[in-house]
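# Results of the structural survey
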Amino acid sequence: MITTIPEVKRKFDVEEIRNDFPILKRLVNGKPLVYLDNAATSQKPQAVIDALTQYYTFDNANIHRGLYFLSELATEQYETARLKVKELINAMSVSEIVFVRGATEAINLVASSLCRAKHFKDGDEILISYMEHHSNIVPWQLMCGRKKTNLKVIPINDAGELDMDAFGKMINEKTKLVSVVHISNSLGTVNPVKKIIEIAHSHGVPVLLDGAQAIPHYKIDVQELDADFYVFSGHKVFGPTGIGVLYGKTEFLEMMPPYQGGGDMIRTVTFEETTFDDIPRKFEAGTPNIAGGIGLGAAIDYLNQFDRNELIEHENFLLQYGTEQLSQIPGLRIIGNAKEKASVISFVIEGIHPYDIGTIIDTDGIAIRTGHHCTQPIMKRYNLPATARASFAFYNTREEIDKLVLGIHKVKKMFA
Ligand code: 7TS
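Computed from a prediction, not measured in an experiment: that's the story for all the values here.

As a further point, take the sheet that holds strand S9 (residues 229-233). In space, the seven strands of this open sheet follow the order S4-S10-S9-S8-S7-S5-S6, with mixed pairing throughout. The open sheet is flanked by strand S4 (97-100) and strand S6 (150-154), the only strands paired with a single partner. Averaged over all adjacent pairs, the angle separating strand axes in this sheet is 20 degrees, with direction ignored. With respect to the sheet, helix H3 (residues 69-89) is in contact with S4, S9 and strand S10 (244-248), its orientation differing from that of S4 by roughly 120 degrees.

Pairing is antiparallel across the open sheet formed by four strands, whose spatial order is S13-S14-S17-S16. The two strands at the open ends of the sheet, each matched to only one other strand, are strand S13 (332-335) and strand S16 (369-371). When the angles between neighbouring strand axes are averaged without regard to direction, this sheet yields 30 degrees. Pairing between S16 and strand S17 (residues 387-391): three bridges, direction antiparallel. Across the sheet, Gly371 pairs through a bridge with Thr387, a residue of S17. Sheet strands in contact with helix H11 (residues 308-327) are S13 and strand S14 (344-349), and its direction is about 10 degrees off that of S14.

Moving on, we get to the pattern of salt bridges. Enumeration according to the criterion identifies 25 salt bridges in this entry. For Asp277, the salt bridge identified is with Arg281, shortest N-O distance 3.9 Å. For Asp277, a relative accessible area of 19% corresponds to the buried category. Arg281 gets classed as partly exposed once you look at its relative accessible area, which sits at 24%. Bridged by salt links that share partners, the residues Arg65, Asp264, Arg267, Asp277, Asp278 and Arg281 form one connected network.

Criteria and thresholds
- Residues numbered from 1 in each chain as written.
- Predicted model: local features only at pLDDT ≥ 70, side-chain atom pairs only at ≥ 80, totals over all residues.
- Heavy atoms only, no water.
- Pairing = 2+ DSSP bridges.
- Helix = DSSP H or I, 4+ residues; strand = E, 2+ residues; numbered from the N terminus.
- Axes fitted to C-alpha atoms, helices over the stretch in contact; angles between N-to-C directions.
- Contact = heavy atoms within 4.5 Å.
- Salt bridge = Lys/Arg side-chain N within 4 Å of Asp/Glu carboxyl O.
- Buried < 20%, exposed > 50% of the residue type's maximum accessible area, 1.4 Å probe, protein only.

Okay, structure coming up:
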């Protein structure tokens, strides 16, 4: 089982690659769709849709159990997808790749399992940051509630950057885990995660990175980062919903007890006692999202056709162009002005609620997200109920940003 990463890369041409994404041709309210909500979920290339259709049409069977052709075929495809994920993030071994439902489930798994491994005792601390998605806050609170472990929050400055001095002072002998977002979904800040890991490791503290927003934009190398855990969702990286990844270093996954019990994660079961399978299987109870895993593998193959640097360059252009154009609109304020930013522009307009912005531009087929983006603490930090957020993928264009700007002018006229 080896994957083939093509030697000769396909040249990046935004107009040409848009043809790979059938949804980008549809109309919304009679206008061509302008999809600028990629931080919520990305669109799927035909290759991913075809992989799902192929599996359900011709290859469907349960995995890891049947000694017949289709079951072996499905198993091989699912396990090949795991290998593709391993290569995508440069994990040391496929056994470090646990398939889960998404970033949310991955963090819940780590919280629940570390808790049961007695990794935390009363009075211990977990460091998170002000800009975490709720999925990197609530699982720790659920766990902390049981263990009286304290959640400590690394502050940020007004630009939306982590206060690294504060972080250095907050980490101490009580700290048992640092769990931070790689790229913020509401501010676009790219956090200095390598530095965070270095500091944490110098105190002997493991680090979990929430890579939900980073994985679609950057090349991730978990060994180079020396991350202990890295989590992400398939649907944000052009794959299907309901599949995601927990990467964990072998030493942690070996030490952690199972998260859920059931079929496919055991070695032997009696009424008295159960022994568990090796990693990653001991974390994968029950029939998994087989099609989802295969679809994620197809999404990785799709990405592997390109030189990722060309995609990053185009997204950086969109971010820069969008920031320039939106900044020129009177009364519009961008929230999140970190020096290191990726593909997200959150903004507010004086006197107009973000919901009104979103609803009005939707009539022109423009999709952005409005709300708190599942980051209520960050909204409170900026004293805002909500923001409007445009988030880009490599298939977005300069013309789409122009349409967003025109749409916002239209909104402003309506409220003038
Ligand atoms: N972490 C971050 C940084 C996220 O942006 C999200 C989803 C999650 C975790 C959770 O991912 P899930 O796939 O498990 O739900 N973020 C968003 C968003 O910005 N708009 O909708 C979902």
